[in-house]
Amino acid sequence: MSQQETNPWVLVTNTKENTNPQDLEQIIPSVSALVDEWQSKGKIMWSGPLDNETGAMTVFEATENEAKEFFEKYNNVCTKVLTSYLYRWDAMPLLSVISK
């Protein structure tokens, strides 16, 4: 895989145990700023909650470097209240088709 090749990526998050609503509210402005920064570059993210009511999934397309950079920023903001994982989603070329 080339460093410049874009791929679908999945960011999965789950609320850490003993996290209260105020903890989550405190990170909302920073997470919103990261998403706004991403979207200001003309890039799209799809996200939504998982059925367990404590997790969420975000799907986006990026190069490996862009994905890792975004994840690092996101994790720095959220690490106290969320457990986050980043995966390259090789089985889903849908984002490439939709973006064209």
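Keep in mind it's a predicted model, so treat the numbers as computed, not measured.

(A) How the structure looks around the layout of surface pockets. Approximately 490 Å³ is the volume attributed to the largest pocket. Lining the largest pocket are 22 residues, with T13, V31, A56, Y74 and L82 sitting closest to its centre. Among the secondary structure elements, those contributing two or more residues to the lining of the largest pocket are strand 1 (7-15), helix 1 (21-40), strand 2 (45-49), strand 3 (55-62) and helix 2 (64-78). Ranked by residue count, the leading element in the lining of the largest pocket is helix 1, at seven residues.

(B) Representation of the pairing of strand 3 in the model. Among the eight residues that make up strand 3, six are buried, leaving the element largely enclosed by the rest of the structure. Inspection of the sheet shows strand 2 paired to strand 3 by five bridges, in the antiparallel sense. Within strand 3, the position partnered with G48 by the bridge is M57. Taking the residues that link successive antiparallel strands as the turn, the strand 2-strand 3 hairpin has five residues, and the phi of E53 there is positive, at about 65°.

(C) Spatial organisation of the environment of M57. Mapped onto the elements, M57 comes out in strand 3. In this structure, the C-alpha to C-alpha distance between M57 and S47, residues 10 residues apart in sequence, is 5.5 Å. In this structure M57 touches V10, L11, V12, W46, S47, G48, L50 and W89, once residues within four positions along its chain are discounted.

(D) The pattern of salt bridges, seen in detail. Tallying each qualifying case throughout the model produces five salt bridges. For E66, the salt bridge goes to K43, with nearest N and O atoms at 2.7 Å. Linking E66 in helix 2 with K43 in the loop between helix 1 and strand 2, this pair joins segments that are 23 residues apart in sequence. Of the charged contacts, one joins E64 and K68 as a salt bridge, the two residues approaching to 2.8 Å between their closest N and O atoms. On the criterion of helical spacing, the pair formed by E64 and K68 is a turn pair, its members being four residues apart in helix 2. Using a relative accessible area of 46% as the deciding quantity, one classes K68 as partly exposed. What emerges from the salt-bridge pattern is a single network uniting E37, K41, E69 and K73.

Quick notes on the rules
- Residues numbered from 1 in each chain as written.
- Predicted model: local features only at pLDDT ≥ 70, side-chain atom pairs only at ≥ 80, totals over all residues.
- Heavy atoms only, no water.
- 1 Å grid on protein atoms, 1.4 Å probe; cavity = no way out; pocket = protein on both sides within 12 Å on 5 of 7 lines; lining within 4 Å.
- Points joined across faces, edges and corners; volume = space filled by probe spheres on them.
- Helix = DSSP H or I, 4+ residues; strand = E, 2+ residues; numbered from the N terminus.
- Buried < 20%, exposed > 50% of the residue type's maximum accessible area, 1.4 Å probe, protein only.
- Pairing = 2+ DSSP bridges.
- Contact = heavy atoms within 4.5 Å.
- Salt bridge = Lys/Arg side-chain N within 4 Å of Asp/Glu carboxyl O.

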